[in-house]
Each structure stands twice: as structure tokens, then as C-alpha cells.
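Fold and geometry: a report
Here are the chains, one letter per residue:
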Amino acid sequence: MKLIDFTQVENIFIVCGKTDMCRQIDGLAATITEEYDMDIYNGALFLFCGGNKDRFKALYWEGDGFLLLHKRLENGKLNGPRNQKVSIKPAVKGSIA
């Protein structure tokens, strides 16, 4: 397993709205490919927020498999786009291919 320097990831996308946090790799990957018609194998990092603002998941293709991270904040809440309608937005400079 290699260490990933996420500061070097060219594109980071936030999936706005509420994502079912029970979804795992296949379900989250299907959201990106089916709902947004995006390539999940292009080295982008995808962030998913649930109904609670204290947790999120991150999905990243490492070249030989997916990395799924789940973060739960012990204190505080996430600040960010919280549209009722689920959409995807770039979190850093970059374009949606």
C-alpha cells in the first residue's frame, strides 16, 4: 500500500446534498458514474457528506484499487455546500471532465 499525498490530487469534488452513509465503495462509485457521468478512475478525490454534518466519506482510485475513508468529527461540524438537491462541485481549481 502506498501513502497518498492528497495535496497533490489535481481535482477534488464535493457531492453536495445528503449521501446515504451506509453506501460503500460500489454504491458511491455508482453515484459518480451514473448520476454525474464522470470517470472515477481519473485520480480525482470525491467527498460525500451525510445527513449529519459531523461525518463524511472520501473515495479515491489508487491505480490498483479504491481507497475509502470515513471521518467522524468528535467536536464540531463540517461547513460547506449543503444544497437540498444533490449536485457535484469542484472543491479546488480544476474542471469537470
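Notes on the structure in this doc start here. (Residues numbered from 1 in each chain as written. Predicted model: local features only at pLDDT ≥ 70, side-chain atom pairs only at ≥ 80, totals over all residues. Heavy atoms only, no water.)

**Examining the side chain of K57**
Assignment of secondary structure puts K57 in strand β3 (residues 55-61). It is D20 that comes nearest to the buried, bridge-free K57 among opposite-charge side chains, at 7.4 Å. Separated by 2.7 Å, the side chain of K57 and the backbone oxygen of M21 make a polar contact. In this structure the side chain of K57 is engaged in a polar contact, spanning 2.8 Å, whose partner is the backbone oxygen of R23. Not counting the four nearest positions on each side in its chain, K57 is found in contact with M21, C22, R23, Q24, L28, F46, L47, F48, L68, L69 and H70. (Helix = DSSP H or I, 4+ residues; strand = E, 2+ residues; numbered from the N terminus. Buried < 20%, exposed > 50% of the residue type's maximum accessible area, 1.4 Å probe, protein only. Lys, Arg positive; Asp, Glu negative; His and termini not counted. Salt bridge = Lys/Arg side-chain N within 4 Å of Asp/Glu carboxyl O. Polar contact = N/O pair within 3.5 Å; in protein donor to acceptor, adjacent residues only side chain to side chain. Contact = heavy atoms within 4.5 Å.)

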